[in-house]
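Coordinates in review
Below, each chain spelled out in residue letters.
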Amino acid sequence: MELYNAAELYPGFAYPAGLEKIAELDLVDLDIWFVMDAAFAARYIRGLATRYPDRKLVPFAKRTDNDDVACFEVGEMPHVQVIHDFADPGWEQRDEFADVWAWFSSAVGDLIAYARDEE
C-alpha cells in the first residue's frame, strides 16, 4: 500500500520506519481501524488543516466507528496523536502514543475487544 506523500504539504516530513513496515506488510485493515491509502489521506489532510489551523497534522489511520484519526504532528515525531475530528479546536485531542508501534498495539487491542463483543 502506498502512503500519502505528506512532504508535499509539509516539506521535510517523513513517516517513521514502523508505519512504512506496517504498510509494506499490508497490515492496514484492523477492522475497527484502517491505515489510510495515499488518496484517502490526501483528501483528509486538507480538511484537518482547515479545521485545526494551529496544528500540522498528518493523518495515517481512521477509526471506523467514530471520528477518531491517528496522526503525526509535524515537530512532535515520533509521537502519534489521536484526535477526535470535527471537535472544536482545543477539544480534539483524544489520546497520544509514544510511537507508531504503541498506537498499533492499541489498535490491535481495539480489534480484539471489538471482535469479542461481536461473539
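Rules used in this analysis
- Residues numbered from 1 in each chain as written.
- Predicted model: local features only at pLDDT ≥ 70, side-chain atom pairs only at ≥ 80, totals over all residues.
- Heavy atoms only, no water.
- Core = buried A, V, L, I, M, F, W, Y, C linked by side-chain atoms within 4.5 Å.
- Buried < 20%, exposed > 50% of the residue type's maximum accessible area, 1.4 Å probe, protein only.
- Helix = DSSP H or I, 4+ residues; strand = E, 2+ residues; numbered from the N terminus.
- Contact = heavy atoms within 4.5 Å.
- Salt bridge = Lys/Arg side-chain N within 4 Å of Asp/Glu carboxyl O.
- Axes fitted to C-alpha atoms, helices over the stretch in contact; angles between N-to-C directions.
- Parallel < 35°, antiparallel > 145°, perpendicular 65-115°, else oblique.
- Nonpolar A, V, L, I, M, F, W, Y, C, P; charged D, E, K, R; others polar.
- Phe/Tyr/Trp six-rings, centres within 6.5 Å; stacked < 30°, edge-to-face > 60°.
- Lys NZ or Arg CZ within 6 Å of the ring centre and 35° of its normal.

Quick look at the nonpolar core
The biggest cluster of nonpolar side chains holds 38 residues, and the ones touching the most others in it are Tyr 15, Trp 33, Phe 60, Phe 72 and Trp 103. Every element with two or more residues in this core is listed here: helix H1 (17–24), strand S2 (33–35), helix H2 (38–51), strand S3 (57–63), strand S4 (68–73), strand S5 (80–84) and helix H3 (100–118). Examining the composition of this core, we find that 5 residues originate from one element, H2, more than from any other. Setting aside chain neighbours within four positions, we find Phe 60 in contact with Leu 19, Phe 34, Val 35, Met 36, Ala 70, Cys 71, Phe 72, Val 80, Val 100 and Trp 103.

Some words on the pattern of salt bridges
Pairing is possible between side chains that carry opposite charge, provided their charged atoms lie close to one another. Counted by the stated rule, this structure contains 7 salt bridges. For Arg 55, the salt bridge identified is with Glu 73, shortest N-O distance 2.8 Å. Of this pair, Arg 55 sits in the loop between H2 and S3 while Glu 73 sits in strand S4; the two residues are 18 residues apart in sequence, bridging distant segments of the chain. For the salt bridge of Arg 94 with Asp 68, the shortest nitrogen-to-oxygen distance reads 3.4 Å. In this pair, Arg 94 is assigned in strand S6 (residues 93–97) and Asp 68 in strand S4, connecting sequence segments 26 residues apart. Asp 68 gets classed as buried once you look at its relative accessible area, which sits at 7%. Put simply, Arg 55, Glu 73 and Glu 92 are held in one network by salt bridges that share partners.

Some points on unusual backbone geometry
Residue Pro 78 is reached from Met 77 by a cis peptide bond, and omega for that bond is 5°. In the Ramachandran plot, Asp 26 falls in the positive-phi region, its phi being about 60° despite a non-glycine side chain. Mapped onto the elements, Asp 26 comes out in the loop between H1 and strand S1 (29–30). The exposure class assigned to Asp 26 is exposed, which follows from its relative accessible area of 51%. The phi torsion at Phe 86 lies on the positive side, around 75°, for a residue other than glycine. Among the structural elements, Phe 86 can be located in the loop between S5 and S6.

Some thoughts on the packing of H1 against H3
Axis separation between H1 and H3 bottoms out at 8 Å; the angle between their running directions is 45°. Between H1 and H3, the angle falls in the class oblique. In this structure, H1 contributes Gly 18, Leu 19, Lys 21 and Ile 22 to the contact, and H3 contributes Val 100, Trp 101 and Phe 104. Residue classes in the contact of H1 with H3 are distributed as 5 nonpolar, 1 polar and 1 charged.

Concerning the packing of aromatic side chains
Centre-to-centre distance and the angle between the planes together describe a pair of aromatic rings. Going through the model one piece at a time under the given rule, you end up with 10 aromatic pairs. Each ring, one from Tyr 15 and one from Phe 72, has its centre 6.2 Å from the other, and the planes form 65°; the classification is edge-to-face. With a gap of 57 residues between them, Tyr 15 in the segment before H1 and Phe 72 in strand S4 connect regions that are remote in the sequence. Of the two residues, Tyr 15 and Phe 72, neither departs from the other in class, the shared state being buried. Between the aromatic rings of Trp 103 and Phe 104, the centroid separation amounts to 6.3 Å while the plane-to-plane angle is 55°, which identifies the pairing as tilted. In this structure Trp 103 comes out as buried when scored by relative accessible area, which is 1%. For Phe 104, a relative accessible area of 12% gives the class buried. Ring-pair connections join several aromatic residues into one group, and the members of that group are Phe 13, Tyr 15, Trp 33, Phe 60, Phe 72, Trp 101, Trp 103 and Phe 104. One Lys or Arg, Arg 51, reaches over the ring of Tyr 44 and ends 5.9 Å from the middle of that ring.

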